[in-house]
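One letter stands for each residue in the lines below.
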Amino acid sequence: MMTRSPIWKYSLGIKFLCVIGILLSAYSLYVKYRLARDSDYEALCDLSDRIKCTKVFHSRYGNGFGIIGEMLGGDESIFNQPNGINGIIFYTLIILLDFSLNLHLTKLQVALSFISNLISIYLAYLLYFVFENLCIVCATLYVVNMLLLILSVKRYSNLVKNVDSRKNK
């Protein structure tokens, strides 16, 4: 008989991935602000002309995913923040939701993880087809988001099974 992994293992993985996401988002923010002060700054993630994260972070897509400013009144909109800030907020929210065993909050965690994957697909498209570049920080965040979705779904389904088994007793 196969045993199910306990929910805490999924939660531990989610929290670990979120910490990685927060650190990478903070690094992207650091690079963006450093570039604003020093245009000659070379980040650790700039390995060649085709592997260059500063190209992406310093572009119009580096704030609000390149769409929030367009939708909400331009670059001056308070909602058009650097993607690093959006990432820090997102991963922190996922960690906070992960402390709950409430099915609705866990479903919200899955939905937010799904949305982050849609955004990752959009940004990956931009990287490949618009920038013709590889951003190692960005690509790592896309993998983090994919793994977050997988673990969030597993956590949710395991939680549903636990609730159902309690009802049947």
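Draft legend 1. Broad picture of the overall build of the protein chain. For the protein chain, the helix and strand inventory stands at six helices and zero strands. Tracing the protein chain from N to C terminus, the helices and strands come up as α-α-α-α-α-α. Seen through its principal axes, the protein chain has C-alpha atoms that stretch 65 × 35 × 25 Å. With 169 residues in all, the protein chain has 41% of them scored as buried. Partitioning the intrachain contacts of the protein chain with sequence separation of at least 6 by distance along the chain shows that 69% fall at a separation of at least 24.

Draft legend 2. Just the pattern of salt bridges, in detail. Enumeration over the complete set of coordinates arrives at two salt bridges. Two residues, lysine 15 and aspartate 98, come together in a salt bridge whose shortest N-O distance is 2.7 Å. Of this pair, lysine 15 sits in helix H1 (residues 7-37) while aspartate 98 sits in helix H4 (residues 83-98), placing them 83 residues apart in sequence. The partner of arginine 155 in a salt bridge is aspartate 98, with the nearest N and O atoms 3.2 Å apart. Note that arginine 155 is positioned in helix H6 (residues 136-167) and aspartate 98 in helix H4, a separation of 57 residues in sequence. By the burial criterion, arginine 155 is buried, and aspartate 98 matches it. Ionic contacts of the salt-bridge type, sharing partners, join the residues Lys15, Asp98 and Arg155 into one network.

Draft legend 3. Examining the confidence of the model for the protein chain more closely. Put simply, the protein chain has an average pLDDT of 91, and 93% of its residues get 70 or more. Across the protein chain, the element-wise mean pLDDT spans from 81 in helix H3 (residues 68-71) up to 97 in H4.

Scoring rules and cut-offs
Residues numbered from 1 in each chain as written. Predicted model: local features only at pLDDT ≥ 70, side-chain atom pairs only at ≥ 80, totals over all residues. Heavy atoms only, no water. Helix = DSSP H or I, 4+ residues; strand = E, 2+ residues; numbered from the N terminus. Buried < 20%, exposed > 50% of the residue type's maximum accessible area, 1.4 Å probe, protein only. Contact = heavy atoms within 4.5 Å. Salt bridge = Lys/Arg side-chain N within 4 Å of Asp/Glu carboxyl O. pLDDT = per-residue confidence, 0-100.

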